[in-house]
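Observations on the three-dimensional arrangement
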Amino acid sequence: MDGLDDIVEEFLVESHENLDQLDTDLVALEQEPDSRDRLSSIFRTIHTIKGTSGFLAFNRLEEVTHVGENMLSRLRDGVLSLTPERTSVLLRMVDTVRSLLTSIETTGGEGSVDVSAVVAAISAAMEDTPAPAAVPEPVVEPVVQAVVEPVVEAVEPVADDAHEDTHDDGHHRARDDGHHDAHDDAHDDAHDEDAHDDAHEDAHGEAPAAAGAPVAGAGAARPEAQGGGQRRAVADSTIRVDVDLLDSLMLLVGELVLTRNQIVQYVGRSTDTDLVRASQRLNLIASELQEGVMKTRMQPIDHIWSKLPRVVRDLGIQCGKTVRLEMEGKDTELDKTLLEAVKDPLTHLVRNGVDHGIESPDRRRAAGKPAEGVLTLRAKHESGQVVVEVADDGAGIDPGRLGVKAVERGLVTAEQLSRMGPQDVLQMIFLPGFSTAAAVTNVSGRGVGMDVVKTNIESIGGTIEVESEPGRGTVCRLRIPLTLAIVPALTVECAGDRYAIPQISLQELVSLDAEKAANAVEEVGGAPVYRLRGELLPLVRLTDVLGLTSDRHDGHVVIAVLRSEGRRFGLVVDRVINTEEIVVKAVGGQLKAIGLYSGATVLGDGTVALILDVQALARRALRTETAERQESREAAAARSVAAEGERQRMLLAAIGEGRRVAIPLDTVTRLEQVRAGSVERVGNREVVQYRGAILPIVRLDRHLGAYGTSDREVLEVIVYSDHGRSVAIVVEEILDIVDGGAAVRSDIDDLGLLGSAVLGDKVTELLDVRAAILAADPAFYAADHTPASSLLEV
Amino acid sequence: MTTPTDTPTRATSGQLATFRLDGDLYGVEVEHVQEVLRSQGLTRVPLAPPAVAGLINLRGQVVTAIELRERLGRPPRPAGTDAVVIVVRLHGEAVSLLVDSIADVVDVDADDFETPPDTLDGQARELIRGAYKLDGQLLLALDVQKAVGA
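Not measured: the values here are computed from a predicted model. (Residues numbered from 1 in each chain as written. Chains lettered and ligands numbered in written order. Predicted model: local features only at pLDDT ≥ 70, side-chain atom pairs only at ≥ 80, totals over all residues.)

**Considerations on the overall build of chain A**
Per the secondary structure count, chain A includes 27 helices and 30 strands. Counting only residues that meet the buried cut, chain A has 39% of its 794 residues in that class. Within chain A, residue pairs in contact and separated by at least 24 positions form 68% of the contacts whose partners lie at least 6 positions apart. (Helix = DSSP H or I, 4+ residues; strand = E, 2+ residues; numbered from the N terminus. Buried ≥ 20, exposed ≤ 12 C-beta atoms within 10 Å, placed from the backbone. Contact = placed C-beta atoms within 7 Å.)

See the structure below:
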């Protein structure tokens, strides 16, 4: 039994159920022999068993079902009509199938169950076309005897065997009814009740003795023989449960969890030790119950993965590629409903990986990679979520090409693109109407797909992001909640109300006291940003989004760093309350239409809190923000035309010898720190490895003829990216971000400078960014502005 | 469930649960009413339509509360007075209406029914099926379906 693998086990469970149905169907069929529906259903059942048994190499099972199927197909096609004899042999076949299944279940093989008799009986019944004519004749003894008696004899032992084996009342009640009905009918038809009663009696009398023989072989392996407390038979150890029932159970457990939260909260203030102890027990039990009920809905992801090898193989052949599919974490379980919802998106990603990700063998060889591509599926649990990755080792996505395409399609403007980091550019593949495939194949490339994948994943509260390394491959990462009903969430306070943020989107929390906040929260074009470990994190104030007024006046800033669509942003809230398991309740249509709340929940103290839809929030806040920024920029441009001065945000940096340089902020992609030891050399240029790419470095002090202290451990780096190329500008220290508009400008300049200005009461040099970048990477602009760059190089 | 509100203007006999709002007497079909609660803690919903007063916790179920005064274009409830919550069930979904106070269940006769008086202004007119002429008072029949803005 232990040797049974899942396929066989599933086959057994399913077949047992089908057989029970078959008994009922066959008997009912006698009442209405013309019911094609029933015949078809019986046919299908036997056909399924036959197919699977052939596949699993249970030859005798296949033999029996094959001949049974033949007969059924003739019955169904009306070539044969159903007679009681035929019903009997069919029932006998069902019993034989059942005993074969029992044997498979207990011993793993077909054992000693003999099928030749029943096969012969079915064949005989099939040939026996004149039977209906023969039946009404009074002198049928030899004919009927020949058909019926073996039936009785063979059936009973099997039946007994089954009784002992399965302990399942349902099983044998259904079967017994079937037999008696069948026998009785046979008797009536034969008009020879006495003789047949005898035969019947005889058969019954012999049954116990006869039962011993055929079963003996399997007996050793039977449950009884193995002693009392072992495993139940496969068919009895699982039951099918209506998913609705599990849903309502889950709902109740959700309520219990809420009530538990409430009680634990109240009791926490109590000094009654007995009460505290009881509530702790309740706490524990509720958690275990919740886990248990959740488990009933859990299925391993292999359920949907198991179809993918075929998909990959077929697609590989179609595309002329050899692709090996590797799977890691097959056993990772998640909620059945979610599993269903993930199936299509996952298949789509896999198809995409084979079609677009992995290159043709020739190109792979040319790139020095093995001809066989590898597509890896990974699933794992990570902080209350399931992370599913679809990774290929193909050509990767070129952000440059992607960006150009996006501009071509009018999805972003060239200006917007220039401000996007490579990671942001990649996420554009999820925009509707985007496809990077050069040609539309019948597999993918129609520009539908990735956005649908994203919508589907988001509809179940999941997230998707893509990572790619040109030349190395692409990874699509799905984050899916374990279950939909109960979600770990962060509760925050904003303007006196509490809101829940699903943990799935939460990355970290940053709390700044008033003093720090004053410096750390900066503005870029009117939009607040926070420098989180060097990266500019756009901030969104929840109060602004919701149109409320914050009740926090002490200047503290609490930032929840959230991730949405591969981008990060900081949500500024008034306070963080705690983390708590919440039960998601749907909200009415009116509130859904607002598009900011994914639902509501009841918190531990009984108050209702809205659950923020982080994806929607990001979309709304970040979009309006960029729009606002654009507007403010346009407004600023208009003003500057009038004032004949340019209004620009400038990043101030020190480059040594007390010199300060201003760099237009809109050209800055990222601020980083790089260890001096990690700087390497290519020829006479300095480079550093950065996010899998080689980043050329320009040291601003040397570039501008200032010689600062170059023995620093950590270099402050300003990363500038455009069209998929990046350079690193090394400065001594990042000082500030200032508004360049108020500055007094002068045209006193030097090599590499555009001029100078007074910024923050000090004379500051305005960097010619273009020149600095060309110093680091002379080919930087070559791709698009060749003439301009050659001019500048002179 | 056959809802009388399917044919809003037709006169129907039956029972109406009545309540007071800004001095007037209104009624909703008694079969829609699930329960009546005293004032509940409301969680406001930023950016929601003005008539959405908030969300209430009805034994673990989250129910939207509609401020009927706002819906009917009446002035806000005077400060210091608590609303009464009427929970109605429509198409299996519970929604609650905030009113001033609850009154009796009244048997109404179709013969007493009249379509809304012409003096009723636009917004309210949409939501009132008509009036039953009771002794000394008019009972305005509220179209629940429309009132909850479904």
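Anyway, onward from the coordinates.
**Quick notes on the overall build of chain B**
Of regular secondary structure, chain B possesses three helices and 11 strands. If you list the helices and strands of chain B from N to C, you get β-β-β-β-β-α-β-β-β-β-α-β-β-α. By the burial criterion, 39% of the 150 residues in chain B qualify as buried. Of the contacts made within chain B by residues no fewer than 6 positions apart, 57% connect residues no fewer than 24 positions apart.

**So, the interface of chain B and chain A**
Across the contact, 19 residues belong to chain B and 20 residues belong to chain A. At the level of secondary structure, the elements contributing two or more residues to the side of chain B that touches chain A comprise β4 (52-58), β5 (61-67) and β7 (93-99) of chain B. The element that contributes the greatest number of residues to the side of chain B that touches chain A is β4(B), accounting for four residues. Here the side of chain B that touches chain A is built from residues that sort into 10 nonpolar, seven polar and two charged. (Nonpolar A, V, L, I, M, F, W, Y, C, P; charged D, E, K, R; others polar.)

**Side note on the environment of A:Leu591**
Mapped onto the secondary structure, A:Leu591 falls in helix α23 (residues 589-592). Take A:Leu591: there are 22 C-beta atoms within 10 Å of it, and that puts it in the buried class. Look past the residues within four positions of A:Leu591 in its chain and what remains in contact with it is A:Tyr597, B:Val45, B:Ala48 and B:Thr64.

**Section: the packing of helix α1 (residues 6-31) of chain A against helix α4 (residues 84-107) of chain A**
A pair of packed helices is captured by two measures, namely the crossing angle of their axes and the spacing between those axes. Residue and element names in this part refer to chain A. For the pair α1 and α4, interaxial distance at closest approach is 10 Å and the crossing angle is 165°. The angle between α1 and α4 falls in the class roughly antiparallel. As α1 packs across α4, the resulting crossing turns out to be left-handed. Here α1 contributes Val8, Leu12, Ser15, His16, Leu19, Leu22, Asp23, Leu26 and Glu30 to the contact with α4, which in turn contributes Pro84, Thr87, Leu90, Leu91, Val94, Val97, Arg98, Leu101, Ile104 and Glu105. Of the residues in the contact of α1 with α4, the class split is 12 nonpolar, three polar and four charged. (Axes fitted to C-alpha atoms, helices over the stretch in contact; angles between N-to-C directions. Parallel < 35°, antiparallel > 145°, perpendicular 65-115°, else oblique. Left-handed = near helix turned anticlockwise from the far one by under 90°.)

**Some points on the sheet that holds strand β15 (residues 567-573) of chain A**
Residues and elements named next belong to chain A. An order of β10-β14-β15-β13-β12-β11 is seen for the six strands of this open sheet, with the pairing classed as mixed. With partners counted over all chains shown, the strands left at the sheet margins are β10 (506-512) and β11 (521-524), one partner each. When the angles between neighbouring strand axes are averaged without regard to direction, this sheet yields 40°. (Pairing = 2+ DSSP bridges.)

**So, the nonpolar core**
With 92 residues, the main nonpolar core has A:Leu612 and B:Ile66 as its most contacted residues. Inspection of this core shows a minimum of three residues originating in each of domain 2 (243-296) and domain 4 (486-622) of chain A. With residues up to four places along the chain from it excluded, the contact list for A:Leu612 reads A:Tyr499, A:Ala500, A:Ile501, A:Leu596, A:Tyr597 and A:Leu617. Of all hydrophobic cores here, the second largest spans 43 residues; its members include A:Leu339, A:Ile429, A:Phe430 and A:Ile480. (Core = buried A, V, L, I, M, F, W, Y, C linked by C-beta atoms within 7 Å. Domains from an automatic or database assignment.)

**Brief notes about the sheet that holds β7(B)**
Residues and elements named next belong to chain B. The strand order across the open sheet formed by five strands is β3-β6-β7-β5-β4, and the pairing between neighbours is mixed. The open sheet has two free edges, formed respectively by β3 (33-37) and β4, since each of these has just one partner strand. On average, each strand axis in the sheet is tilted by 30° relative to the strand beside it, whichever way the strands run. Here β4 pairs with β5 via six bridges, running antiparallel. For Asn57, the partnering residue across the bridge sits in β5 and is Val62.

**Observations regarding the confidence of the model for chain A**
Residues and elements named next belong to chain A. Chain-level statistics for chain A give a pLDDT mean of 73 and a share of 74% at 70 or above. Note on residues 624-630: pLDDT under 50 across the span, and six contacts to partners over four residues away in sequence or across chains. In this model residues 784-794 is a low-confidence stretch, pLDDT under 50, and it forms 10 contacts with partners more than four residues away in sequence or in other chains. (pLDDT = per-residue confidence, 0-100.)

**Regarding the environment of A:Ser505**
All names here are of chain A. For Ser505, the position within the fold is in the loop between β9 (497-502) and β10. Residue Ser505 is classed as buried on the basis of its 24 C-beta neighbours within 10 Å. When the C-alpha positions of Ser505 and Ser564 are compared, they lie 6.6 Å apart, and in sequence the two are 59 residues distant.

**Overview of the packing of helix α2 (residues 36-55) of chain A against helix α3 (residues 59-77) of chain A**
Residue and element names in this part refer to chain A. At a closest axis distance of 9 Å, the pairing of α2 and α3 adopts a crossing angle of 155°. With respect to α3, the axis of α2 lies roughly antiparallel. As α2 runs across α3, the sense of the crossing is left-handed. Contact residues: α2 offers Arg36, Leu39, Ser40, Ile42, Phe43, Ile46, His47, Ile49, Lys50, Ser53 and Gly54, while α3 offers Leu61, Glu62, Thr65, His66, Gly68, Glu69, Leu72, Ser73, Leu75 and Arg76. Broken down by class, the residue content of the contact of α2 with α3 amounts to eight nonpolar, eight polar and five charged.

**A short note on the environment of A:Asp666**
Take A:Asp666: it is sitting in the loop between β20 (659-664) and β21 (670-675). Linking A:Asp666 and A:Ser418, residues 248 residues apart in sequence, is a C-alpha distance of 9.1 Å.

**Considering unusual backbone geometry**
Residue and element names in this part refer to chain B. The phi angle at Asp22 is positive, at roughly 50°, despite the residue not being glycine. Assignment of secondary structure puts Asp22 in the loop between β1 (14-21) and β2 (24-29). By C-beta crowding, Asp22 is classed as partly exposed, having 16 other C-beta atoms within 10 Å. The backbone of Leu47 sits at a positive phi, close to 75°, despite the residue not being glycine. Here Leu47 shows up in the loop between β3 and β4.

**A short note on the confidence of the model for chain B**
Residues and elements named next belong to chain B. This prediction gives chain B a mean pLDDT of 84; 92% of its residues lie at or above 70. β2 holds the highest mean pLDDT among the elements of chain B, 92, whereas helix α2 (residues 122-127) holds the lowest, 78. With pLDDT under 50 throughout, residues 1-9 is counted as low confidence; its partners more than four residues away or in other chains account for 10 contacts. This complex was scored by the predictor with a pTM of 0.48 and an ipTM of 0.85.

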